[in-house]
Every structure is written in structure tokens, then in C-alpha cells.
Amino acid sequence: MSKEKVTVFTARKVLTMDPGRPEAEAVAVLDGKVLSTGTMDFMEPWLERYEVTVDDTFKDKVILPGMMEPHSHCWMSAGFLALTYVGPLAWPTPSGMSTPNPTGADMMATLKKLHEEEKDPNKPIIAWGYDRATQDDVEPNRDELNKITSERPIWIISWAPHFYYLNDAALKAAGVAEDLVHPHALKFPDGRLSGVFTEPEGFALSCGPAMGEIAKFSTVDGLNYFAGLANHAGVTTVADLLFGSINWDAELADHQKATADPEFPIRMRLTPHGPLLTTTHGSGEKAIEFLRDLRSKVETDKLFFRGLKFLSDGSYPLLGAKMGFPGYLDGSDGIPGDTDQANFMRPYWEAGEHLHCHANGDAALEATLDNLAQLQEWHPRFDHRFTVEHFSVSTPMQCRRLKALGGVASVNNYFSHFRALLHTTHGYGPDRAQSTARLRTLESEGVVFGLHSDYPQVVVPMLPLTAVYAAVNRIAEDGKTVVAPDERIGVERALRAVTIDAAYVLGLEDKVGSLEQGKFADFCILEEDPLEVEPEHIKDIKIWGTVLGGKKFKCKEQK
């Protein structure tokens, strides 16, 4: 009788993220899972029982647990990436790197050129990528867009899809009444509709006729494109934090098909929008039964359904975060999110579900913590992992309160590197812009946190090593200014935040995040050791590729 087969991957160093055995020389893999870590001699009691193949592909490299992207938007955003791009940065798209539009005037010129070159007068222009902070010389409201054309419908979707901009023809196509009164339909000072809509409710009001075009690349091909980006970033598990918000059946079918392919290099954790799930699949027990049935029938080793998502405000980079005193530099205070959150959350909370709540501003965070306190009063729970998503602007006492209530955080700390100086003068002012992402305070209070990018719905890349770099250095976008230096954390802690602690935040710590017996054999392969290089060099460490369940995925050349 033949023995079972084991593959031993050797490396210059293995960083396990197991604090009791943090380093090793090799990883033994059996049936897609970690059998043992250590030296060949140390693992011999296991290896002598199996038929062993030694793979030295990584003998000169560093093995790290596969990194996590605990907050992203794949299927939905694939459609945006395939639209006409009007954002301020060169950005990867399915057809290659895009041409940037550094200013609002550049964006309007691009739109005008599209209109003049398009011979079909009925074909709409649907574009994505407007950044309210960096392209703020022009707001593409209906009056500005009408200067290009009022006859051809124009829809502009902001980089993070929290703002939508329509001209007169698009307003007409969407059936928006001129006398509409709605908190997510903004108006000019004279009372007219401005053609600007906000948040998911605004999307539903304004973007219906554009949905067919928006969703064209929201397919298995779109998921494969995102998986390739994740592979280049060293990511082996991605969480989608707004699953099912466009087309539940199509999204589910595409995720099942993509993850069933042995060549698909990532695992996916899907989290639906709680209020939308309640609306579409029934309230209370009906929705909970639907979720549990989904898990029992659809989950695989590469596809998980965990948690529900809620939103308490708008986008941080697009200046929609809900702020307390003194608000924004212009005196405004941001955009509200879901209404009546505690009551929407309650049945899921009482059923033991994992809740995530998007909160960028300190006022949104306070409301979110109030909701968590109310849930605990109604139905006390331990190890609930209520997760504050983004955790952008906060106070030290809010960090302490989150710990007291038993919550955790998934932090977008990329902003300290990519946006701190911009938002010092555009939006939040220096105090809040430069202390965004208080990682050291969270660490001091004992709050478990992961790091995420929210890719591609904010103006930052999906590169966990860049998140580690930002956490350790807090060097702003000018490459020299250190913002809130006392909020820096150590390299080991930052690595945990993109591996095992991010897995813990997602409730997947028994499956991924560290190289321990019984967990999936998911690795990121690095050319250098992030614990040994200069901290300023961490983001520049080259990535060979990844390993998923013992299968190697070398990075492919990108366009």
C-alpha cells in the first residue's frame, strides 16, 4: 500500500506568525494543509510516515503566510474598472494602465472629447473615478455636465461609489422628478436638483439605466482579473464586504464558478449588506435561515459566507465621513449612512452573526459604538467580533470604548501615506487628517485589528506590504513628512495585521493567517525578509507569487 504524499517547501526563512514558534526552515504540506513546520530533522517523525517530495523553489526566498485583504469589492468593482476612467492617477484596468486626469478640468476635457467622438447620439457616457479632493477645481454637477451635452445621458461615478453625478439627459433617463425631496439627492442653494446623489440609496435613485453597462465586466472574467491583482500583491484570501448588492443570483453564480476553478489563486469570504439582505430575503428569522442555508449548501474550502455589513457614513477620501465638532474645514459635517441601524442589526446580532459597520468619521464611529452598546444591552455576547470597518478618524477614548465593548477593527491605514497632507488642507484639517488610523492607540488599548485597502473603491492600491510600510513609518505622500509619529507600530505587529489578526477579524483564524498544523497551506513568497530590511524599504520588497493549498501561483506579467 503506497504512502500518502507530502511536499516539503524549503526556504531561506519561514515566518509562521505562530508566536511560540515564529520561524522555521521548511513547511510540510499534506492534502493542501500544513502538516508541520521546522527543520527537516524536527519534522522527521511526521515525514517518515509519508512519501516525501522536497520542493526547493523557494530555497532563497522568504515564506510568509498568505496575506489577507479583509475589505475589498471585487465583483461590483470589476464593472467600474471597465468603464471610461476619469480619475486622477494612472490605474490598472483590464485593458492596461489608464491615462490619469489630474484635475477636474482634465476630466471634463476627457468627457467632452468622448462626446464629440461618439457618433451614436443615443449612446450614454458612463465614467468612473472622480476624486472630490484632488479634482476639486470642478464639481461635475448637472450644470457643468450640461455644458458638454444636455442631450446625451452622462453618468459619473466617484472613485468610491458614494457619489453619482448626472446631467439633464441622465436625470430624465433615470426618471428623477424635479421636485424630488430625498436626503441622498443633493440640491443647489436655489432648491434645484444638483444632479448629485449619494450612498446606496442615491445609487438606486439615479443609476438604474446605467446598470447594464456598469455590470458588463462584473463576471467571472472580472473576478479572475481581481484574483490576478491579489496574486501580485501576495494576497491569498479576499473578503468582499458588500456582496450581493447589485445582482445576488449573478454574483453568487460567478463566485461559485470562479472559486471552483483549480487555477483561481485566492479564497473568498463574502459579506452581504444587512439592510439590503433584509429587504430582498425577508426580515428576522427568514434572512437568518437564508444565510445558514447558504452556508450549508454553498460553502467550500475557497468560498465562505460570513457576517453582515452596515454603513454609518460616507467615504473618507471623497469627504463623506460623518464628523463631529468642528466638522470639515468648510463647516459641513459629512454624509449619513444606513438609517435605524441598531434595529436592522438586532435580529442578526441575537442570532450570533458577525456584524461589520463602516465608520470613517468620529461622529459615525460614536454612533456605531452607541449601536454596539445598545446591542449588548439587549443581548449580551462574548467574542462577537463586531468589526468597525475603516476606523479612519477616531479619538483615543473611542479606541478604549471599542475594547470595553468587545469589538475589533479593520483599519484602512493607507490614508496616512497617500492622503494625509492632501486632507490637511482639503477636508479634515491637520489634527484629524494626520492622526487618521490610530494603530498605536488601538494596540495600547488591546484592540485586535487588521489592515485593509477597500480596493478599488478608494484611491489607494491593494498592496498589504504597503499597508505594513505605512503602519511602521507613517510617511506621508510627499515621501518625507512623518504624520502622528507616535501612532507608528512595529513591523511584527503590522505583519500580524495583514495575516493572522486580519484572519481573526474575519473569523477565519482557524483556517488561514498563520502556518500552523491543520491550516490551509497558503503562503506569500517574498524576495526579502520584512523583519530584516530597513522599514522604509518594506513596500518595495518584490513578491514572487503565492501558494494556495500547496499549489504554486507565480505572478504573471501584467499589462
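Residues numbered from 1 in each chain as written. Predicted model: local features only at pLDDT ≥ 70, side-chain atom pairs only at ≥ 80, totals over all residues. Heavy atoms only, no water.

Looking at the overall build of the protein
Phase 1: Regarding its fold elements, the protein presents 21 helices and 25 strands.
Phase 2: On the principal axes, the C-alpha backbone points of the protein span a range of 80 × 55 × 55 Å.
Phase 3: Across the 559 residues that make up the protein, the buried fraction comes to 59%.
Phase 4: Residue pairs in contact within the protein that sit at least 24 positions apart in sequence constitute 73% of those at least 6 positions apart.
Phase 5: Entry remark: accessible area of the protein is about 21500 Å², with carbon and sulfur atoms responsible for 51%. (Helix = DSSP H or I, 4+ residues; strand = E, 2+ residues; numbered from the N terminus. Buried < 20%, exposed > 50% of the residue type's maximum accessible area, 1.4 Å probe, protein only. Contact = heavy atoms within 4.5 Å. Areas by Shrake-Rupley, 256 points an atom, 1.4 Å probe, with all protein chains shown as cover.)

Observations regarding the sheet that holds strand 14 (residues 193–198)
Phase 1: Reading across the sheet, the six strands line up as 7-10-11-12-14-13 and stay open at both edges, with mixed pairing between neighbours. The open sheet has two free edges, formed respectively by strand 7 (84–85) and strand 13 (185–187), since each of these has just one partner strand.
Phase 2: Sheet analysis places strand 11 (residues 154–158) next to strand 12 (residues 163–166), joined by three bridges and oriented antiparallel. The partner of I156 across the bridge, within strand 12, is Y165.
Phase 3: Those strands touched by helix 3 (residues 104–117) are strand 7, strand 10 (125–130) and strand 11, and its axis lies near 165° from that of strand 10.
Phase 4: Contacting strand 11, strand 12 and strand 14, helix 6 (residues 199–206) runs over the sheet at an angle of about 125° to strand 14. (Pairing = 2+ DSSP bridges. Axes fitted to C-alpha atoms, helices over the stretch in contact; angles between N-to-C directions.)

Considering the packing of aromatic side chains
Phase 1: Considering all chains together, one arrives at 21 aromatic pairs under this definition.
Phase 2: With a centroid separation of 5.5 Å and 50° between ring planes, the pair formed by Y85 and W128 is classed as tilted. In this pair, Y85 is assigned in strand 7 and W128 in strand 10, connecting sequence segments 43 residues apart. Grouping residues by exposure puts Y85 and W128 together as buried. (Phe/Tyr/Trp six-rings, centres within 6.5 Å; stacked < 30°, edge-to-face > 60°.)

As for the pattern of salt bridges
Phase 1: Under the counting rule described, the total for this entry stands at 36 salt bridges.
Phase 2: The salt bridge partner of K13 is E532, with a shortest N-O separation of 3.0 Å. On the criterion of sequence distance, the pair formed by K13 in strand 1 (residues 5–15) and E532 in the loop between strand 23 (523–526) and strand 24 (543–548) is long-range, its members being 519 residues apart.
Phase 3: Each of R12, K13, E23, D529 and E532 takes part in salt bridges that share partners, so that together they form one network. (Salt bridge = Lys/Arg side-chain N within 4 Å of Asp/Glu carboxyl O.)

Section: the UniProt feature "domain: Amidohydrolase" (unreviewed entry) in the protein
Phase 1: Under the feature "domain: Amidohydrolase" (unreviewed entry), the UniProt entry names residues 59–551.
Phase 2: Between the C-alpha atoms that bound residues 59–551 there is a distance of 16 Å. The span itself is 36% helix and 18% strand. (UniProt positions renumbered as here; feature names shortened; annotations may be inferred.)

Side note on unusual backbone geometry
Phase 1: Residue F325 is joined to P326 through a cis peptide bond whose omega torsion reads 5°.
Phase 2: Inspection of the secondary structure puts P326 in the loop between strand 18 (308–311) and helix 12 (341–350).
Phase 3: Residue P456 is reached from Y455 by a cis peptide bond, and omega for that bond is -5°.
Phase 4: Structurally, P456 can be placed in the loop between strand 22 (449–451) and helix 19 (464–473).
Phase 5: One non-glycine residue, H390, lies in the positive phi region at around 90°.
Phase 6: Tracing the sequence through the fold places H390 in strand 20 (residues 387–390).
Phase 7: With a relative accessible area of 2%, H390 lands in the buried category.
Phase 8: Despite not being glycine, A437 has its phi angle at roughly 70°, a positive value.
Phase 9: Structurally, the position occupied by A437 is in the loop between helix 17 (429–435) and helix 18 (439–445).

Quick word on the pairing of strand 11
Phase 1: When you tally the buried positions in strand 11, you get five out of five residues, the bulk of the element.
Phase 2: Side chains of strand 11 alternate between two faces, with I154, I156 and S158 and W155 and I157 buried alike.
Phase 3: Two elements, strand 10 and strand 11, share five bridges in a ladder whose sense is parallel. In the strand pairing of strand 11, I125 is matched with I154.

Digging into the domain arrangement of the protein
Phase 1: Assigned domains within the protein: domain 1 (5–60), domain 2 (68–72 + 219–513) and domain 3 (101–215).
Phase 2: For domain 2 versus domain 3, the separation of C-alpha centres amounts to 28 Å.
Phase 3: Counting residues at the interface gives 20 residues for domain 2, matched by 18 residues for domain 3.
Phase 4: Its largest share of buried area at the contact with domain 3, domain 2 owes to L318, I335 and Q457, together 35% of the area lost on that side.
Phase 5: Linking D131 and R419 is a salt bridge whose minimum nitrogen-to-oxygen distance equals 2.8 Å.
Phase 6: On inspection of domain 2 and its partner domain 3, the count reaches seven residue pairs in polar contact (both at pLDDT 80 or more). (Domains from an automatic or database assignment. Buried area = accessible area lost by both parts, 1.4 Å probe. Polar contact = N/O pair within 3.5 Å; in protein donor to acceptor, adjacent residues only side chain to side chain.)

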